[in-house]
Amino acid sequence: MSNVQPPDEGSYPEQPGQSDQNELLVELFKKVQDGNQNAFSELYEIIRRPLMAYCLVLTRTVDDAKDLFSLSIAKMYEGRAGFIGGNFEAWIFTIVRNSSRSLYRSSQRRQAEPITDDVADETASSFEEADEAEYVRKAIEKLPPEFRSVIMLKYFGGLSVGEIAIAEGIGQELVKIRLFRARNRLAKYLRHLVEEDL
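Residues numbered from 1 in each chain as written. Predicted model: local features only at pLDDT ≥ 70, side-chain atom pairs only at ≥ 80, totals over all residues. Heavy atoms only, no water.

1. Quick word on the side chain of Glu-163
Part 1 of the reasoning: With respect to the secondary-structure elements, Glu-163 resides in helix α8 (residues 161-168).
Part 2 of the reasoning: For Glu-163, the side chain forms a polar contact with the main-chain nitrogen of Ser-160, separated by 2.7 Å. (Helix = DSSP H or I, 4+ residues; strand = E, 2+ residues; numbered from the N terminus. Polar contact = N/O pair within 3.5 Å; in protein donor to acceptor, adjacent residues only side chain to side chain.)

2. A short note on the packing of aromatic side chains
The description of an aromatic ring pair rests on the distance of the ring centres and on the angle between the ring planes.
Part 1 of the reasoning: According to the stated counting rule, one finds nine aromatic pairs in the structure shown.
Part 2 of the reasoning: Between Phe-40 and Tyr-77, the ring centres sit 5.5 Å apart and the planes meet at 80°, which makes this aromatic pair edge-to-face. In this pair, Phe-40 sits in helix α2 (residues 37-59) while Tyr-77 sits in helix α3 (residues 62-78), placing the two residues 37 residues apart along the sequence.
Part 3 of the reasoning: For Phe-40, a relative accessible area of 17% corresponds to the buried category.
Part 4 of the reasoning: A centroid spacing of 5.8 Å and a plane angle of 45° characterise the contact between Phe-88 and Trp-91, whose relative ring orientation is tilted. Of this pair, Phe-88 and Trp-91 both sit in helix α4 (residues 88-105), separated by three residues, roughly a single helical turn.
Part 5 of the reasoning: In this structure Phe-88 comes out as buried when scored by relative accessible area, which is 0%.
Part 6 of the reasoning: On the accessibility criterion, Trp-91 (1% relative accessible area) is buried.
Part 7 of the reasoning: Taken together, Phe-29, Phe-83, Phe-88 and Trp-91 form an aromatic cluster joined through their ring pairs.
Part 8 of the reasoning: The positively charged end of Arg-80 is found above the aromatic ring belonging to Tyr-77, 4.0 Å away from the centroid. (Phe/Tyr/Trp six-rings, centres within 6.5 Å; stacked < 30°, edge-to-face > 60°. Buried < 20%, exposed > 50% of the residue type's maximum accessible area, 1.4 Å probe, protein only. Lys NZ or Arg CZ within 6 Å of the ring centre and 35° of its normal.)

3. Structural notes on the pattern of salt bridges
Part 1 of the reasoning: Inspection of the entire model under this criterion finds four salt bridges.
Part 2 of the reasoning: Its salt-bridge partner being Glu-45, residue Arg-48 comes within 3.5 Å of it at the nearest N-O pair. Separated by three residues within a single helix, Arg-48 and Glu-45 lie in helix α2, roughly one turn from each other.
Part 3 of the reasoning: Residue class for Arg-48 comes out partly exposed when judged on its relative accessible area of 37%.
Part 4 of the reasoning: For Glu-173, the salt bridge goes to Lys-176, with nearest N and O atoms at 3.5 Å. Within this pair, Glu-173 and its partner Lys-176 are both found in helix α9 (residues 172-197), separated by three residues, close to a single helical turn. (Salt bridge = Lys/Arg side-chain N within 4 Å of Asp/Glu carboxyl O.)

Here you go:
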């Protein structure tokens, strides 16, 4: 895994509507670059949930997502000198994508429990009843990959439309279209699943 490289040095252009959050992240990361461990802890708490959601989208297994998350955080820290400004989220999402490619190149990939069971239990806090979480889990699995990823990033990762656009490498309008279509499909799947159990 040591062959994973952080993104090329340079600045990443900001997206519209991301300035306030980005300014906070950049300010914290500059402190991290100066060796401030408290700033690292604060930054970690902010990016932990959306990054883990993105790792789950990329790997679709909980164990691999945890591996990817740990590797990405390590690479972020190791490559901290390479970030010289701009869009911090674009920079860290690029690290996650690069790290995921490294994991997929591994010759030995252990069998891991499905993402869906743990996602329902660990990250879907809005679904309090186990039966509801199970319906949602099954419905999300039925979605096409491009719809599943935006739903996971939006509702499990808490990312904004702009952040999803950065993570997925697509425009914000396309994110909105995919979210709209994904919600419609989820509603149909959920109705069908509930009716099956009646």
